[in-house]
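Summary of the model geometry
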Amino acid sequence: MLTEAELHRAARTVPLAASHDATRLMAVVRAKTPHRALHRLRRRLDPLLPIDVISTHYPDPQNHTLLNIAFPPAVHDSIRRAATARGQAPHTFVEQTLSQAVARQTRNEADYLDLTLHALLTRTSTAQLLAALGRALTTGAHSC
């Protein structure tokens with residue numbers, strides 16, 4: 001969690017907007033490419049804030065959200081060894097590993113939703129379930 005002093009000090013360097021709980025920040029940085037924007041923001045904010053990940057808000061032309069992650073040296077060494085073992089460049093290894101993890105998580109969530117819906121449908125009718133869904137969506141009882 002950011003302190004107010006950290007946020008004010010960083011905001012003097014880069015215009016920032018904080019989330020309601022001060023765990024996420026948004027900044028707009030000028031650069032010729034999204035990669036340069038991420039690196040420029042990292043250089044400016046690293047000395048001021050404890051930053052884990054910087055990401056682009058919108059996908060690039062290949063529909064990828066770009067990440068800038070500051071790994072500790074031991075993690076860099078581990079990534080380099082794993083990438084070498086697979087005959088890949090470290091950035092390719094990280095990209096593929098993250099893509100596989102996201103795909104696995106997406107499948108797991110879809111499977112969980114399918115099982116949950118099946119369980120609901122064994123105890124209630126489709127009409128009752130749709131009515132409950134409609135109520136939840138119109139009363140703001142869901143989280144997006």
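For the structure, see preceding data.
The paragraphs below set out a description of the structure included in this document. (Residues numbered from 1 in each chain as written. Predicted model: local features only at pLDDT ≥ 70, side-chain atom pairs only at ≥ 80, totals over all residues. Heavy atoms only, no water.)

**A word on the overall build of the chain**
For the chain, the count of helices and strands is five helices and four strands. Mapped from its N terminus to its C terminus, the chain presents α and β elements in the order α-β-β-α-β-β-α-α-α. A compact globule built from 144 residues would reach a C-alpha radius of gyration of about 15 Å, whereas the chain, at 21 Å, exceeds it by more than 25%. In terms of principal-axis extent, the alpha carbons of the chain reach across some 55 × 45 × 30 Å. Taking all 144 residues of the chain together, 18% fall into the buried category. In the chain, of all internal contacts separated by at least 6 residues, the share reaching a separation of at least 24 is 29%. As presented, the chain carries roughly 11,200 Å² of accessible surface, and 58% of it is formed by carbon and sulfur atoms. Each charge class in the chain can be summarised by its mean position, and for the 17 positive and 11 negative side chains these summaries are 7 Å apart. (Helix = DSSP H or I, 4+ residues; strand = E, 2+ residues; numbered from the N terminus. Rg over C-alpha atoms; globule rule 2.2 N^0.38 Å. Buried < 20%, exposed > 50% of the residue type's maximum accessible area, 1.4 Å probe, protein only. Contact = heavy atoms within 4.5 Å. Areas by Shrake-Rupley, 256 points an atom, 1.4 Å probe, with all protein chains shown as cover. Lys, Arg positive; Asp, Glu negative; His and termini not counted. Charge placed at Lys NZ, Arg CZ, Asp CG, Glu CD.)

**Quick look at the packing of helix α3 (residues 73-86) against helix α4 (residues 90-123)**
Where α3 contacts α4, the axes come no closer than 8 Å and their chain directions differ by 90°. It follows from the interaxial angle that α3 and α4 lie roughly perpendicular. Between α3 and α4, the residues in contact are I79, R80, A82, A83 and R86 and P90, F93, V94 and T97, respectively. The residue makeup of the contact of α3 with α4, split by class, is six nonpolar, one polar and two charged. (Axes fitted to C-alpha atoms, helices over the stretch in contact; angles between N-to-C directions. Parallel < 35°, antiparallel > 145°, perpendicular 65-115°, else oblique. Nonpolar A, V, L, I, M, F, W, Y, C, P; charged D, E, K, R; others polar.)

**Some words on the pattern of salt bridges**
For the coordinates displayed, the defined rule picks out two salt bridges. For D46, the salt bridge goes to R42, with nearest N and O atoms at 3.1 Å. In this structure, D77 and R80 form a salt bridge, with 2.7 Å as the shortest nitrogen-oxygen distance. A residue pair is termed a helical-turn pair when its members lie 3 or 4 positions apart in one helix, as D77 and R80 do in helix α3 at three residues. Residue classification places D77 among the partly exposed residues on the basis of a relative accessible area of 34%. (Salt bridge = Lys/Arg side-chain N within 4 Å of Asp/Glu carboxyl O.)

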